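Given next are the chains, with one letter for each unit.
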Amino acid sequence: MEKLFPTTVVGSWPRPKWLLDALKKKREGKISYKEFENIADDAVLIAIKYQEDAGIDIISDGEQRRDNFYSFVADKIEGVELKTVAEFIDFASDKFAFEEMLRRLDVPAFAIRSPVVTNYIRKKNYLALNEALFLKKHTRKKIKIALPGPYLLTRSSWIPGISDKYYKEKEDLAEEFAKILREEIIALKELGVDFVQLDEPVLMEVLYGPELSTQTFMCAALTAKENPRDELNFAVEILNKTVQGISGIKIGVHVCRGNWSKKEEALLKGDYYPLLPFLLEMKVDQYVLEFATQRAGDIDVFKDYPTNKELGLGVVNPKTDEIEKIEEIVSKVEKALRYFDANRIYLNPDCGFGTFAEVPITTPQIAFEKLKSMKSAAEILRNKYGEKIK
């Protein structure tokens, strides 16, 4: 039997300075990948400790080994190289507009890196199997592994003038990423991982970001389809190809509005309503969504789109220093009960606490207090609505 209102994280945890120093040395070739892994092991143990002490039910390794939530694939896939956002300026059709967008969105152009396809791709190693092995060895809790979704990887790494020398159409590249991710999910399932989360934050950018005919953030496609509906249909199709027929492991899709700045006005704003028809077509078990930030709109968007899927309900905001009140979290969950049964609601932060290694959103201490509030709210809800699912 499983607890009602399980608590979990979205993935990342703020990295200690000594880990950031090691990450920089690895990039510069001053230490080996193995040496970095040994250093990162200690950081993962700290991230585990924080989550366990907060009483979280399903934990991650804090993505401590990653530069960010999707760039780390450059270490695992041949034909993919890391480039900073600043390096993309030369490939923008309107360099001034691109630079202005980065300034307006408060994007640290030299601190955020993106994977770019610079040759035909081939998997060198599993993307996160090493993370899962270490995590499983060091906790008795259920575990979650976050992976970049196939649409995110395709959209962020296929750059005209670079990638199209090898993949004429980004749809061809998407098929390759889908195969790699599918193999990964199956391997994680066989290892005993409980929950795989596919990160697809760019979906909100399709709806609410800059014009699709220009550039969008995360280098996410210097070109894209003109019609957002076509782009979203493409995202659904490639995600479903990735997960088709896989069972025995919970699969979720995480959608947010950006997590690189604490300036709420610099991040995307808009509710989920226009995205819901596409989300409902995704063959996943759970939607992991922001709802703590006002930028995400209201849970009432589900009124017209009932679903039997699970909801990973964002109840604490990583981008604020204020610790959410327990009663406010309880109230938010009870509002979600209008549209989701109690046994289909999970509690989580809106997003990760350290999505980009060098620009963490908050401190470990604040993140820890937020998780404790989330856990306390879950306990109140369990007492009120029943401790166990029958």
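Everything below is about the structure printed above this text.
With reference to specific residues and values, describe the pairing of strand β7 (residues 286–289).
Both faces of β7 are covered, namely the face carrying Q286 and V288 and the face carrying Y287 and L289. Judged from the 4 bridges that link them, strand β6 (residues 250–255) and β7 form a sheet pairing that is parallel. Counted as the bridge partner of H254 is V288 from β7. Judged from the 4 bridges that link them, β7 and strand β8 (residues 310–316) form a sheet pairing that is parallel. By the bridge assignment for β8, Y287 is matched with L311.

Which residues make up the side chain of R65, and what are the values?
In this fold, R65 is placed in the loop between β1 (58–59) and β2 (77–84). Here D41 takes part through its side chain, which lies 2.8 Å from a polar atom of the side chain of R65. Every residue in contact with R65, bar those within four places of it in the chain, is listed here: F36, E37, A40, D41, V44, N130, E131 and F134.

Kindly report on helix α11 (residues 364–385), identifying the contributing residues and their values.
Across its 22 residues, α11 extends 31 Å between first and last C-alpha, which sits within 8% of the 32 Å expected from 1.5 Å per residue. Three or more residues of α11 are buried, namely I366, A367, F368, K370, L371, S373, M374, K375, A377, A378, L381 and R382. On its buried side, α11 packs onto α2 (33–54), β8, α10 (326–336) and β9 (345–349). Just downstream of α11 lies G386, where phi reads positive at about 110°.

Give me the lowdown on the nonpolar core, citing residues and values where you can.
Of all hydrophobic cores here, the largest spans 98 residues; its most connected members are L147, Y272 and L347. A per-element tally of this core places helix α6 (residues 170–191) first, with 9 residues. Not counting chain neighbours up to four residues away, the residues in contact with L347 comprise F5, P6, T7, T8, L313, V315, I329, V333, M374, A378 and L381. Counting residues in each nonpolar core, the second largest holds 8 residues, with A22, L23, F36 and A40 among its members.

Quick one: what's the story with the sheet that holds strand β5 (residues 195–199), residue by residue and with numbers?
With parallel pairing, 7 strands are arranged side by side in an open sheet as β1-β4-β5-β6-β7-β8-β9. Strands with a single pairing partner mark the edges of an open sheet, and in this sheet they are β1 and β9. Strands in contact with α6 are β4 (142–148), β5 and β6; relative to β4, the strand with the most contacts, it is inclined by about 175°.

Please provide a residue-by-residue account of the side chain of N317, values included.
Residue position: N317 is located in the loop between β8 and α10. The contacts of N317, once residues within four sequence positions are left out, are E264, A292, T293, E324, D350 and K370.

Can you lay out unusual backbone geometry for me, pointing to particular residues and giving the numbers?
If you check the backbone angles, F5 has positive phi at about 50° while not being a glycine. Considering the arrangement of structural elements, one finds F5 in the segment before α1 (17–27). Phi at E63 takes a positive value of approximately 55°, unusual for a residue other than glycine. Classification of E63 by relative accessible area gives buried; the value is 4%.

Tell me what's going on with α2, and back it up with residues and numbers.
Its 22 residues place the ends of α2 31 Å apart at the C-alpha level, agreeing with the 32 Å of an ideal helix rising 1.5 Å per residue. When we look at burial in α2, the residues that qualify are F36, E37, A40, D41, A43, V44, A47, I48, Q51 and A54. The inward-facing, buried residues of α2 abut α1, β1, α4 (129–137) and α11. Among the residues trailing α2, G55 stands out with phi positive, at a value near 85°.

Talk me through the packing of α1 against α2; I want residue IDs and the actual numbers.
Each packed pair of helices is defined by two parameters, the angle between the axes and the distance between the axes. Packing of α1 against α2 leaves a shortest axis separation of 10 Å and a crossing angle of 160°. Here α2 runs roughly antiparallel to α1, going by the angle between their axes. The two elements α1 and α2 cross, and the hand of that crossing is left-handed. Here W18, L19, A22, L23 and K26 of α1 lie close against α2, whose contacting residues are Y33, F36, I39, A40, D42, A43 and I46. In the contact of α1 with α2, the residues fall into 10 nonpolar, no polar and 2 charged.

Tell me about the layout of surface pockets, and name the residues and values.
Empty space within the largest pocket amounts to approximately 550 Å³. Taken together, 22 residues line the largest pocket, and the ones lying closest to its centre are F291, A292, T293, Q294 and K332. Broken down by element, the lining of the largest pocket gets its largest block of residues, 6 residues, from α10. Taken together, the residues of the lining of the largest pocket break down into 7 nonpolar, 6 polar and 9 charged. Approximately 200 Å³ is the volume found for the second largest pocket. Of all the elements, α1 adds the most residues to the lining of the second largest pocket, at 3 residues. Of the residues belonging to the lining of the second largest pocket, the class tally is 6 nonpolar, 2 polar and 4 charged.

Residue-level account of the packing of aromatic side chains, with values.
The final tally for this structure, using the stated rule, is 12 aromatic pairs. Between F5 and Y385 the ring centres are 6.1 Å apart and the planes differ by 65°, which places this aromatic pair in the edge-to-face class. Of the two residues, F5 is situated in the segment before α1 and Y385 in helix α11; the sequence distance between them amounts to 380 residues. Judged by its relative accessible area of 0%, F5 falls in the buried class. The class for Y385 is partly exposed, based on a relative accessible area of 35%. Residue placement shows R65 over the ring face of F134; its charged tip is 5.0 Å from the ring centre. Directly above the aromatic system of Y126 lies the positively charged group of K123, at a separation of 3.9 Å from the ring centroid.

Here is what the cut-offs are and how they apply
Residues numbered from 1 in each chain as written. Predicted model: local features only at pLDDT ≥ 70, side-chain atom pairs only at ≥ 80, totals over all residues. Heavy atoms only, no water. Buried < 20%, exposed > 50% of the residue type's maximum accessible area, 1.4 Å probe, protein only. Helix = DSSP H or I, 4+ residues; strand = E, 2+ residues; numbered from the N terminus. Pairing = 2+ DSSP bridges. Polar contact = N/O pair within 3.5 Å; in protein donor to acceptor, adjacent residues only side chain to side chain. Contact = heavy atoms within 4.5 Å. Expected span 1.5 Å × (residues − 1). Core = buried A, V, L, I, M, F, W, Y, C linked by side-chain atoms within 4.5 Å. Axes fitted to C-alpha atoms, helices over the stretch in contact; angles between N-to-C directions. Parallel < 35°, antiparallel > 145°, perpendicular 65-115°, else oblique. Left-handed = near helix turned anticlockwise from the far one by under 90°. Nonpolar A, V, L, I, M, F, W, Y, C, P; charged D, E, K, R; others polar. 1 Å grid on protein atoms, 1.4 Å probe; cavity = no way out; pocket = protein on both sides within 12 Å on 5 of 7 lines; lining within 4 Å. Points joined across faces, edges and corners; volume = space filled by probe spheres on them. Phe/Tyr/Trp six-rings, centres within 6.5 Å; stacked < 30°, edge-to-face > 60°. Lys NZ or Arg CZ within 6 Å of the ring centre and 35° of its normal.

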